[in-house]
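# Fold and contact review
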Amino acid sequence: MESFTTHITFTSGDTHKEDTDSGQIMSTIQRLVRGPAAQMGMIKEVKIVDMMDCIVFLARDNKIVFPPPPKK
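Read on for an overview of the structure.

The next subject is the environment of Leu32. By secondary structure assignment, the location of Leu32 is in helix α1 (residues 25-34). Taking the C-alpha atoms as reference, Leu32 lies 10.0 Å from Thr6; in sequence the two are 26 residues apart. In contact with Leu32, other than residues within four places in its own chain, are Thr6, Ile8, Ala38, Ile43, Val46 and Asn62.

See below:
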């Protein structure tokens, strides 16, 4: 199972890092972009990177930056 690292930056400037298994990616994104801390405006940035340090997900101020939304 591939593992990822989730980097969280809070609006206070504090940071937190947690390991995330591939099976937890969707629930982690939901929690950090739509959950209570996000709704209260406490989270500035959420970045999930793979084992080679490539960004697989990036959100700033509860808006998804990467991957970009599909074009219509």
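Turning to the sheet that holds strand β4 (residues 55-60), a few remarks are in order. The five strands are arranged β2-β1-β3-β4-β5 in an open sheet whose pairing can be described as antiparallel. The open sheet terminates on both sides in strands that have one partner only, identified here as β2 (15-21) and β5 (63-66). Going across the sheet, the axis of each strand differs from the next one's by a mean of 20°, ignoring polarity. As judged from the seven bridges shared by strand β1 (residues 3-10) and β2, these two strands associate in the antiparallel manner. The partner of Thr9 across the bridge, within β2, is Thr15.

Using the criterion set out here, one finds three salt bridges in the structure. With a shortest N-O distance of 2.5 Å, Arg31 and Glu18 are connected by a salt bridge. In this pair, Arg31 is assigned in helix α1 and Glu18 in strand β2, connecting sequence segments 13 residues apart. For Arg31, a relative accessible area of 42% puts it in the partly exposed group.

Each full turn of the α-helix corresponds to 3.6 residues, which orients residues three or four apart in the same direction. Among the residues of α1, those classed as buried are Ile25, Thr28, Ile29, Leu32 and Val33. Seen end-on, α1 carries its buried residues on one side only, within an arc spanning 105°. Seen from the buried face of α1, the exposed residues on the opposite side, beyond 90 degrees, are Met26 and Arg34. In this structure, the buried residues of α1 make contact with β1, β2, α2 (36-39), β3 (43-49) and β4.

Reading guide: rules and limits
- Residues numbered from 1 in each chain as written.
- Predicted model: local features only at pLDDT ≥ 70, side-chain atom pairs only at ≥ 80, totals over all residues.
- Heavy atoms only, no water.
- Helix = DSSP H or I, 4+ residues; strand = E, 2+ residues; numbered from the N terminus.
- Contact = heavy atoms within 4.5 Å.
- Pairing = 2+ DSSP bridges.
- Axes fitted to C-alpha atoms, helices over the stretch in contact; angles between N-to-C directions.
- Salt bridge = Lys/Arg side-chain N within 4 Å of Asp/Glu carboxyl O.
- Buried < 20%, exposed > 50% of the residue type's maximum accessible area, 1.4 Å probe, protein only.
- Arc of directions from axis to C-beta.

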